[in-house]
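Given next are the chains, with one letter for each unit.
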Amino acid sequence: MAPASEHQAAKVPISSQKLEIASGVTLLSGALDTASQTTLLGEIRKISSKAPLYTPTMPRTGKPWTVRMTNCGPLGWVSDRSGYRYQPNHPETGDPWPAIPQMLLDLWDEVTGYPAPPECCLVNFYADKARMGLHRDEDEEALDAPVLSVSLGDTATFRLGGLERKGKTQSFKLHSGDVLLIGGDNRLAYHGIDRVFPSTSTLLKDGGRINLTLRRVTKP
Ligand code: MD6
Ligand code: FE
């Protein structure tokens, strides 16, 4: 066993297949191998048993999202009639969010090199018809940190636009085990999920897709 003071190699083996989609937007295709995906899924199941997935509602209209959500980390991102915000407690149980699994903290360090850990890991669950409209991740103060996303389960079409809502967009698929980084010039780019393709992965026993987004919220 290595002494605790010695540098420890990240426990998550990541592949070197890097695709630069746009400035500051990098797709690490197939970054997590099947074993890591299974381990991570087990961690997410533990999180959702303590902090159950719930159906958030849209600001103002109160319309339900098609995606169900939960969080881990000191701060969770929530959406309800009064708006979007980060808060330390689950909106339904009132409990603090569970901790971010160590393997995700290691992945963040390895992939982002950011000098402080993520404070939020938003867990999005997509059943068959769920989708996510074009949006920007803009509720964080630490906009110098990228957002790191991990996809598990069924394949989805990710749409990436630019800094203006009406600008040109491109789309590409996200597969189970893919890691996507959005930062730099495009940290505030519009993006969303057009659709999920059922039965394209066997990772989730009952199908569907999980996406995790790790964010640094406050300035370190
Ligand atoms: C999703 N992802 O993949 C939704 N945001 O289901 C996001 O909204 C996202 O993948 C910021 C950075 C990367 C992302
Ligand atoms: Fe996003």
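For the structure itself, consult the block above.
In this text, all values refer to a predicted model and were calculated from it rather than measured experimentally. (Residues numbered from 1 in each chain as written. Chains lettered and ligands numbered in written order. Predicted model: local features only at pLDDT ≥ 70, side-chain atom pairs only at ≥ 80, totals over all residues. Heavy atoms only, no water.)

Novice: Explain the nonpolar core here, please?
Specialist: Soluble globular proteins tend to bury their nonpolar side chains together. In terms of nonpolar packing, the biggest core is built from 31 residues, with Leu40, Leu104, Leu148, Val150, Ile210 and Leu212 touching the most fellow members. Counting residues per element, the ones that place at least two in this core are helix H1 (34–50), helix H2 (102–112), strand S6 (120–126), strand S8 (147–153), strand S11 (179–182) and strand S13 (209–215). The biggest single contributor to this core is H2, with five residues. Apart from the residues lying within four places of it in its own chain, the contact partners of Leu104 are Leu40, Cys121, Val150, Leu212 and Leu214. Counting residues in each nonpolar core, the second largest holds 29 residues, with Val67, Ala156, Phe172 and Leu180 among its members. (Core = buried A, V, L, I, M, F, W, Y, C linked by side-chain atoms within 4.5 Å. Buried < 20%, exposed > 50% of the residue type's maximum accessible area, 1.4 Å probe, protein only. Helix = DSSP H or I, 4+ residues; strand = E, 2+ residues; numbered from the N terminus. Contact = heavy atoms within 4.5 Å.)

Novice: Explanation requested: the coordination of the iron ion (ligand 2) in the structure shown.
Specialist: Any two of four tetrahedral donors ideally make an angle of 109.5 degrees at the metal, while pairs among six octahedral donors ideally make 90 or 180 degrees. Only His135 (NE2), Asp137 (OD) and His191 (NE2) from the protein coordinate the iron ion (ligand 2), and they sit 2.1 to 2.2 Å from it. Spacing between the donor residues of the iron ion (ligand 2) along their common chain follows H-x1-D-x53-H. Assessed through its relative accessible area of 22%, His135 is described here as partly exposed. (Donors = N, O, S within 2.8 Å, 3.2 Å for Na, K, Ca; no water.)

Novice: Help me out: how do you make sense of the site of ligand 1 in this one?
Specialist: Around ligand 1 lies a shell formed by Tyr126, His135, Asp137, Val147, Ser149, Phe158, Ile182, His191, Ile193, Arg209, Asn211 and Thr213. Separating an oxygen atom of ligand 1 from a side-chain N or O atom of Arg209 is a distance of 2.7 Å. Among the secondary structure elements, those contributing two or more residues to the shell around ligand 1 are S8, strand S12 (191–196) and S13. If you tally residues by element for the shell around ligand 1, the top one is S13, at three residues. Classifying every residue of the shell around ligand 1 gives five nonpolar, five polar and two charged. (Near = heavy atom within 4 Å. Polar contact = N/O pair within 3.5 Å; in protein donor to acceptor, adjacent residues only side chain to side chain. Nonpolar A, V, L, I, M, F, W, Y, C, P; charged D, E, K, R; others polar.)

Novice: I tried to follow the sheet that holds strand S10 (residues 170–174) on my own but got confused; where do I start?
Specialist: Two pairing modes exist for strands in a sheet, parallel and antiparallel, and in both the strands are linked by backbone hydrogen bonds. Read across the open sheet, the four strands follow the order S7-S12-S9-S10; overall the sheet is antiparallel. Of all strands in the sheet, those with a lone pairing partner are strand S7 (132–135) and S10, marking the two edges. The mean angle between the axes of side-by-side strands here comes to 25 degrees, regardless of whether they run parallel or antiparallel. Pairing of strand S9 (residues 156–160) with S12 involves five bridges; the strand directions are antiparallel. When the bridges of S12 are listed, Phe158 appears paired with Ile193. (Pairing = 2+ DSSP bridges. Axes fitted to C-alpha atoms, helices over the stretch in contact; angles between N-to-C directions.)

Novice: Looking at this structure, how should I read the environment of Cys120?
Specialist: Topologically, Cys120 is positioned in strand S6. Each C-alpha atom, one on Cys120 and one on Gly76, is 5.6 Å from the other, the two residues being 44 residues apart in sequence. Apart from the residues within four sequence positions on either side, Cys120 is in contact with Asn71, Cys72, Leu75, Gly76, Trp77, Tyr86, Ile100, Thr213, Leu214, Arg215 and Val217.

Novice: Help me understand the pattern of salt bridges in this model?
Specialist: A side chain of one charge can pair with a side chain of the opposite charge when the charged atoms of the two come close. Counting across every chain of the model gives nine salt bridges. We note a salt bridge from Arg85 to Asp80, for which the minimum N-O separation is 2.7 Å. Classification of Arg85 as partly exposed rests on a relative accessible area of 29%. On the basis of relative accessibility, which here comes to 24%, the residue Asp80 falls in the partly exposed class. In this structure, Arg187 engages Glu140 in a salt bridge whose closest nitrogen and oxygen atoms are separated by 2.8 Å. Of the two residues, Arg187 is situated in the loop between S11 and S12 and Glu140 in the loop between S7 and S8; the sequence distance between them amounts to 47 residues. For Glu140, a relative accessible area of 6% gives the class buried. Overlapping salt bridges, with partners in common, bring together Asp137, Glu140, Arg187 and Arg215 in one network. (Salt bridge = Lys/Arg side-chain N within 4 Å of Asp/Glu carboxyl O.)

Novice: I keep staring at the packing of aromatic side chains and nothing clicks. Help me out?
Specialist: Within the structure shown, the criterion is met by four aromatic pairs. On the numbers, 6.0 Å between centres and 85 degrees between planes, the contact of Trp65 with Trp77 is edge-to-face. Taken together, the residues Trp65 in the loop between H1 and strand S3 (68–72) and Trp77 in strand S4 (residues 76–80) connect sequence positions 12 residues apart. Using a relative accessible area of 8% as the deciding quantity, one classes Trp77 as buried. Look at Trp77 and Tyr84: their rings are 5.1 Å apart centre to centre, the planes differ by 35 degrees, and that puts the pair in the tilted class. The exposure class of Tyr84 is partly exposed, given its relative accessible area of 39%. An aromatic cluster is present here, built from Trp65, Trp77 and Tyr84 joined pairwise through their rings. Taking the ring centre of Phe197 as reference, the NZ or CZ of Lys173 above it sits at 4.8 Å. Directly above the aromatic system of Tyr126 lies the positively charged group of Arg209, at a separation of 5.0 Å from the ring centroid. (Phe/Tyr/Trp six-rings, centres within 6.5 Å; stacked < 30°, edge-to-face > 60°. Lys NZ or Arg CZ within 6 Å of the ring centre and 35° of its normal.)

Take it as geometry only, folks, not as evidence of what the structure does.
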